[in-house]
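Residue strings, one per chain:
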Amino acid sequence: MLLDRDAFLRSGPFVFKVAEKFVYDNIGGLWFACIKSDDCMHELVCYKLIPDILKDRSAYFQDALGLDDGSCSLLGKDKLHPYVLPQMIVKKDWECILLLWFGELSQTEEESADFWRSVLTVSIVLQARISEERARRYLERFNSTEFRPATKLSAACECNIAKWISPSFTELLGKPWSYWTINDTATLGAPLVLLIAKTRENIQNMRSGLAFNTPEFVSAGNACTRTPADCEAAWPAQWWSSIACLLLHPDTPLTIHALFAKAQA
């Protein structure tokens, strides 16, 4: 639920600052506040917004603001007594969804994966289903350069989007460590990065096991143009040159599916 000012301030001293935008000086507007960032938990940024629009866009606001029976006469009425948003909503993300609800998107926002990632995060917290679905549709249009697989995997886990998990996880497994950025590892967090590293190690061990353990020679019978003994003697070298070295290729290793297809050819 929305927190009132007094309840929130019990956790420590806070500084209230009025936002540079989304402050509508209209009759009936209410003041809302969110933390500036994870690094500035003591700063609250205040916005004066139209409550009817918030309730129309979000089931969360519909429920929370619907509980106000007027007994808290000052709550939301001025910037020193704002409604306080859930602490996981920070200024950057909050202003993205406010722009979607109260402003007009530019081409820059329309084409920004970061913008729609912020909208998705806040939409889920505020139960804004229409905004959530719109953000999902936009994010699914971006390629892995615009919406990096690490960011997509993180969003999938946080927002419970099951259909994004396997493709983004698989894509990360196939990327060399040189592809990864500091932001990728910070976005995923140590446990998930370690899981990917362990999975990569298991896959590499399996590839090495397949490559260095030459399968038993099976004669092709009459289809072989040489003697069975000659074919059997040539088999280890043939396995290494046509299969094993491809399994161990550092940049484009042969997939297991491709291995079986090649072995059956």
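Treat the numbers as computed from the prediction; the structure is a model and nothing was measured.

Turning our attention to the overall build of the chain. A count of helices and strands for the chain gives 13 helices and four strands. Per-residue burial for the chain yields a buried fraction of 37% across its 265 residues. Considering only contacts within the chain whose residues lie at least 6 apart along the sequence, 63% involve residues at least 24 apart. Surface exposure of the chain reaches about 15,500 Å², of which carbon and sulfur atoms provide 55%.

Another aspect to go through is the nonpolar core. Within the largest apolar cluster, 43 residues are counted, with the highest numbers of intra-cluster contacts made by Tyr47, Leu49, Phe61, Trp94, Trp101 and Trp116. The dominant element in this core, judged by the number of residues it contributes, is helix α4 (residues 91-102), at eight residues. Leave out the neighbours within four places in its chain, and Leu49 touches Phe22, Tyr24, Gly29, Leu30, Phe32, Leu54, Trp94, Leu98 and Phe102. By size, the runner-up hydrophobic cluster in this structure holds 10 residues, among which are Leu153, Leu172, Leu173 and Trp180.

Next up on the list: unusual backbone geometry. With phi around 65°, Phe22 is a residue other than glycine that occupies positive phi space. Counting through the fold element by element, Phe22 comes out in strand β1 (residues 15-23).

This brings us to the packing of helix α6 (residues 113-125) against helix α8 (residues 149-159). Relative to each other, α6 and α8 sit at 10°, their axes nearing to 11 Å. Relative to α8, α6 is oriented roughly parallel. Side by side, α6 and α8 meet where Arg117, Leu120 and Ile124 of the first sit next to Thr151, Ser154, Ala155, Glu158 and Cys159 of the second. The class makeup of the residues in the contact of α6 with α8 is four nonpolar, two polar and two charged.

Backbone-to-backbone hydrogen bonds join strands into a sheet, with any given pair of strands oriented parallel or antiparallel. What the four strands build is an open sheet, ordered β1-β3-β2-β4; its pairing is mixed. The open sheet has two edge strands with one neighbour each: β1 and β4 (83-84). Pairing geometry for strand β2 (residues 30-37) and strand β3 (residues 40-49), over seven bridges, is antiparallel. Paired with Leu30 across the bridge in β3 is Leu49. Relative to β3, α4 is tilted by about 10°, and along the sheet it contacts β1, β2 and β3.

Its 13 residues give helix α7 (residues 129-141) an end-to-end C-alpha distance of 19 Å, which sits within 8% of 18 Å, the value for a rise of 1.5 Å per residue. Residues of α7 that are buried: Ser131, Glu132, Ala135, Arg136, Tyr138 and Leu139. Where the residues of α7 are buried, they touch α4, α5 (107-110), α6, α8 and α9 (162-173).

Another point: the pattern of salt bridges. In total, this model carries 13 salt bridges according to the counting rule given. Linking Asp93 and Lys92 is a salt bridge whose minimum nitrogen-to-oxygen distance equals 3.6 Å. Accessibility expressed as a relative area gives 14% for Asp93, which makes it buried. Note on Lys92: relative accessible area 51%, which makes it exposed. One salt-bridge network, held together by shared partners, links Lys17, Lys36 and Glu43.

About the cut-offs
- Residues numbered from 1 in each chain as written.
- Predicted model: local features only at pLDDT ≥ 70, side-chain atom pairs only at ≥ 80, totals over all residues.
- Heavy atoms only, no water.
- Helix = DSSP H or I, 4+ residues; strand = E, 2+ residues; numbered from the N terminus.
- Buried < 20%, exposed > 50% of the residue type's maximum accessible area, 1.4 Å probe, protein only.
- Contact = heavy atoms within 4.5 Å.
- Areas by Shrake-Rupley, 256 points an atom, 1.4 Å probe, with all protein chains shown as cover.
- Core = buried A, V, L, I, M, F, W, Y, C linked by side-chain atoms within 4.5 Å.
- Axes fitted to C-alpha atoms, helices over the stretch in contact; angles between N-to-C directions.
- Parallel < 35°, antiparallel > 145°, perpendicular 65-115°, else oblique.
- Nonpolar A, V, L, I, M, F, W, Y, C, P; charged D, E, K, R; others polar.
- Pairing = 2+ DSSP bridges.
- Expected span 1.5 Å × (residues − 1).
- Salt bridge = Lys/Arg side-chain N within 4 Å of Asp/Glu carboxyl O.

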